[in-house]
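Each chain, written out:
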Amino acid sequence: MYTETTHDAAHGEHHDHGPAKGLMRWVTTTNHKDIGTLYLWLAFIMLLYGGSMAMIIRLELFQPGLQWVEPHFFNQMTTMHGLVMVFGAIMPAFVGLANWLVPIMIGAPDMALPRMNNWSFWILPFAFTMLASTTFMEGGAPAFGWTFYAPLSTTFAPDTTDFFIFAVHLMGISSVMGAINIIATILNMRAPGMTLMKMPLFVWTWLITAYLLIAVMPVLAGAVTMMLTDRHFGTSFFDAAGGGDPVMFQHVFWFFGHPEVYIMILPAFGVISAIIPTFARKPLFGYSSMVYATASIAILSFMVWAHHMFTVGMPVAGELYFMYATILISVPTGVKVFNWVTTMWKGSMTFETPMLWALGFIVMFTIGGFSGLMLGVAPVDTQYHDTYFVVAHFHYVLVTGALYSIIAAFYYWVPKWTGHMYDEKLGKIHFWWSTIAVNVLFFPQHFVGLAGMPRRIPDYSLQFAEFNAISSIGGFAFGLAQVFFLYIVIKTIRGGEKATAQVWEGATGLEFEQLPSPPPYHSFTEAPPVR
Amino acid sequence: MSPLKLAAIPLLMFGFGFALVPLYDVFCDITGLNGKTGRIEAAEIDASQVDTSRTIEVRFLANTNTGLPWDFQPLVKKMEIHPGQVYEAVFRVRSASDRTTLGQAVPSVSPGLAAEHFNKTECFCFTEQELAGRETLDMPVRFVVGTGISDNIEQITLSYTFFSLDKG
Ligand code: HEM
Ligand SMILES: [Cu+2]
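Description of the structure in this document. (Residues numbered from 1 in each chain as written. Chains lettered and ligands numbered in written order. Predicted model: local features only at pLDDT ≥ 70, side-chain atom pairs only at ≥ 80, totals over all residues. Heavy atoms only, no water.)

### Some remarks on the site of ligand 1
Residue and element names in this part refer to chain A.
- Around ligand 1, 23 residues are found, and the nearest of them are Trp 146, Asp 381, His 385, His 393 and Arg 455.
- The separation between an oxygen atom of ligand 1 and a polar side-chain atom of Trp 146 is 2.9 Å.
- Where the shell around ligand 1 is concerned, the elements lending two or more residues are α8 (246-263), α12 (353-376) and α14 (388-418).
- Examining the composition of the shell around ligand 1, we find that six residues originate from one element, α12, more than from any other.
- The residue makeup of the shell around ligand 1, split by class, is 12 nonpolar, nine polar and two charged. (Near = heavy atom within 4 Å. Polar contact = N/O pair within 3.5 Å; in protein donor to acceptor, adjacent residues only side chain to side chain. Helix = DSSP H or I, 4+ residues; strand = E, 2+ residues; numbered from the N terminus. Nonpolar A, V, L, I, M, F, W, Y, C, P; charged D, E, K, R; others polar.)

What follows is the structure, encoded as structure tokens:
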């Protein structure tokens, strides 16, 4: 496999060919930039698909009572929304960024395993088509929540659940292949002089994320395999009648699930660590502490899973351990926020669109971190668990956290990718529109949650009506803002002011210092000098 | 690190996912954390160890899971006991089916921390139970609560759920 890459690189030197023509270019491509683009488009399509299901949810919750959809269909919507956003939007978007950026940040000609790269991507459209098609089958789409707890997903689930299981297996295989590729690229293909401790933080965070992926995606695969054999082959992993235990499912799931939430946020930390120094025109404060903080978050993330299970009836010793361990994670997370703020301290800051999204990230991700801390306190989580407070928490960390960082990354690197500047005015409108909307959408959910409104239920008591109406209005506005984003993306790809090689005044790194905008189809066929 | 070596990690972790199932059980056995009761031999009990200065109330619960047409009740709802002494409680089960049916009882003790001190010398939950059509059966449990049990515990609930073992 190695010889394949070096061969390709050597091949490129003889006659530097561009992309193939036509549609087959995208099907057969092994080029990291093409594959990065494919991932990003898939993620965007999934964002709109998952988003339209969120619109149905907010429509139904606009008023108390049942207005628009059947409860069973509502459950399908919350489930599919969660699955599509987690596995279809956020994760592929970060893999897309890794494909585009890792090689040009470390001075490599391409990913280490280009053919496998093509495979990792092309599995995904099939997986999601299969998952989405269950909506039109008898029994309907999965309706047991994105966490698919047994026995709802085993004994009581429709036949279509088997498609869901197969789809999860495919996504897992894709993620694991993608992660192996990223690790192999980062460890073996850095330009001479690019030592580990000189790597941009985005590369570091992705290296650590990739290790998390290969460690926990197989555990998820194990969980769905146990589900499959429980459903069809007479095993009783999660069935008390046969000596199993449904709570065991939650342990196995969250052993995957908690590291998974960090898979969705560590690359975001890398993006923010690239953007803040550029627009503060100061080097990142505390580079090595950032690396160590990321690594310790990753290690700790394996030891806190049962904070999702405080109410299953754990003994006090377990509750205490998982509570302290969970709260311990906020120390390295705090180090990161501290470093970003210190980077900006006395910097000469400007507020172009990527910076706005990055700042939005820092403020609102921190709000999500604080609600996480509240949830991590076992005795109070008994009240908050499975209410809208949890929904508010994870949307602050995932929407205004992970998604904001992805959008920030788009605005920051799109001039490099396409050679065109995006429209600054539209970018700013997009930011303010989204930021106001997203807070109108999710902030009231803290209140209804604290007041006891349960999640995943299509109806609610009357006293929650006002906050839900407000939340829905915010939701529609936020959804529309992302359609506007689609327009900005297309407009930027088709044209715009020419971007310089450095793009931003304060930008550093190989991709800005050594490559034109846009970079050639095959870049760094010879290793660049590294300062 | 070469990709092939890296590929070993996911393979290993896939196995680890399955290994978690017995691992949790072992962990709970060692720590006594999840409310599973212990089993000891009658000969191991030292009759001179009875602590008559303490009295603990033991309550009994009986449930049947869906799919098993059994009526399942404890004959007495609760007992006052002294740690260290062996007691017997009887549960009565009556089948409402005309066919022969097969069930397995799964015990659980709460509070969870009492579980590691709650030991049984004999229990209908150790084996499968078969009832002929309309049969009634009295089933004994012999148990002893260890003297090491925490002073804070004044009440223990022993609950059984019968699950159907009939396939289909
Ligand atoms: C300061 C760090 C964090 C702490 C202390 C924390 C704590 C918690 C706790 C205790 C819960 C369980 C609440 C319950 O169900 O009762 C929870 C749920 C959740 N958290 Fe966090 N969290 C943190 C950061 C994050 C991050 C960074 C993400 C993702 C990017 C995240 C995503 C989620 C998700 C998706 C759920 C809900 C899972 C479900 O559907 O039940 N959290 N968090
Ligand atoms: Cu968690």
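What follows picks up the thread again.
### Quick look at the pairing of strand β2 (residues 56-64) of chain B
Residue and element names in this part refer to chain B.
- Relative to strand β4 (residues 78-81), β2 runs antiparallel, the two being bridged by four bridges. The residue bridging Ile 56 from the neighbouring strand is Ile 81, located in β4.
- Bridge count between β2 and strand β10 (residues 155-164): eight bridges; the pairing is parallel. The partner of Glu 57 across the bridge, within β10, is Gln 155. (Pairing = 2+ DSSP bridges.)

### Some remarks on the interface of chain A and chain B
- Taken together, the contact pairs 27 residues of chain A with 20 residues of chain B.
- For the pair chain A and chain B, the two sides together bury roughly 2100 Å², of which 81% comes from carbon and sulfur.
- Seen at the junction of chain A and chain B, the total is zero salt bridges.
- Taken together, the elements giving at least two residues each to the side of chain A that touches chain B come down to α6 (161-188), α7 (201-232) and α8 of chain A.
- Taken together, the residues of the side of chain A that touches chain B break down into 23 nonpolar, four polar and no charged. (Contact = heavy atoms within 4.5 Å. Buried area = accessible area lost by both parts, 1.4 Å probe. Salt bridge = Lys/Arg side-chain N within 4 Å of Asp/Glu carboxyl O.)

### Things to note about the coordination of the copper ion (ligand 2)
All names here are of chain A.
- Coordination of the copper ion (ligand 2) by the protein involves His 258 (ND1), His 307 (NE2) and His 308 (NE2), with metal-donor separations of 1.8 to 2.1 Å.
- Ordering the donors of the copper ion (ligand 2) by residue number gives the pattern H-x48-H-H.
- Taken as a pair, the copper ion (ligand 2) and the iron atom of ligand 1 lie 4.6 Å from each other. Residue His 258 is located in helix α8, and its partner His 308 is located in the loop between α10 (287-300) and α11 (316-344); the two are separated by 50 residues in the primary sequence.
- A relative accessible area of 5% means that His 258 is categorised as buried.
- Looking at His 308, the relative accessible area reads 22%, which means it is partly exposed. (Donors = N, O, S within 2.8 Å, 3.2 Å for Na, K, Ca; no water. Buried < 20%, exposed > 50% of the residue type's maximum accessible area, 1.4 Å probe, protein only.)

### Description of the packing of aromatic side chains
Residue and element names in this part refer to chain B.
- All chains considered together, the criterion is met by 66 aromatic pairs over all chains.
- For the ring pair Phe 124 and Tyr 160, a centre distance of 4.7 Å and an interplane angle of 50° mean the geometry is tilted. One end of the pair, Phe 124, is in the loop between β7 (118-122) and β8 (129-131); the other, Tyr 160, is in strand β10, and 36 residues separate them in sequence.
- Classification of Tyr 160 by relative accessible area gives buried; the value is 0%.
- Centroid distance Phe 124 to Phe 162: 6.0 Å. Interplanar angle 20°. Geometry classified as stacked. Note that Phe 124 is positioned in the loop between β7 and β8 and Phe 162 in strand β10, a separation of 38 residues in sequence. (Phe/Tyr/Trp six-rings, centres within 6.5 Å; stacked < 30°, edge-to-face > 60°.)

### Focus: the environment of A:Thr135
Residue and element names in this part refer to chain A.
- Secondary-structure assignment places Thr 135 in the loop between α5 (114-133) and α6.
- Owing to a relative accessible area of 22%, Thr 135 belongs among the partly exposed residues under this scheme.
- Sequence separation between Thr 135 and Met 77 is 58 residues, and the spatial gap between their C-alpha atoms is 9.4 Å.
- Apart from the residues within four sequence positions on either side, Thr 135 is in contact with Tyr 49, Phe 73, Met 80, Gly 140 and Ala 141.
- Reaching out from Thr 135, the side chain makes a polar contact with the backbone oxygen of Ala 132 at a distance of 2.8 Å.

### Here we look at the coordination of the iron atom of ligand 1
- Coordination of the iron atom of ligand 1 by the protein involves just one donor, A:His393 (NE2), at a distance of 2.1 Å.
- When you line up the elements, A:His393 lands in helix α14.

### Concerning the sheet that holds β2(B)
Residues and elements named next belong to chain B.
- One open sheet accounts for five strands, arranged β4-β2-β10-β6-β8; its pairing is mixed. Where the open sheet ends on each side, the last strands, each with one partner, are β4 and β8. When strand polarity is set aside, the average angle formed by the axes of neighbouring strands in this sheet is 30°.
- Relative to β8, strand β6 (residues 101-110) is paired through three bridges, and the arrangement is antiparallel. Looking across to β8, one finds that Thr 101 is bridged to Leu 131. (Axes fitted to C-alpha atoms, helices over the stretch in contact; angles between N-to-C directions.)

### Points about the state of the cysteines
Residue and element names in this part refer to chain B.
- Within this structure, the stated rule accounts for one disulfide over all chains.
- The disulfide that involves Cys 123 links it to Cys 125, with 2.3 Å between the sulfurs. Of note, the bridge from Cys 123 to Cys 125 carries an S-S torsion of about 130° and is right-handed in sense.
- Residue classification places Cys 125 among the buried positions, given a relative accessible area of 9%. (Disulfide = S-S within 2.5 Å.)

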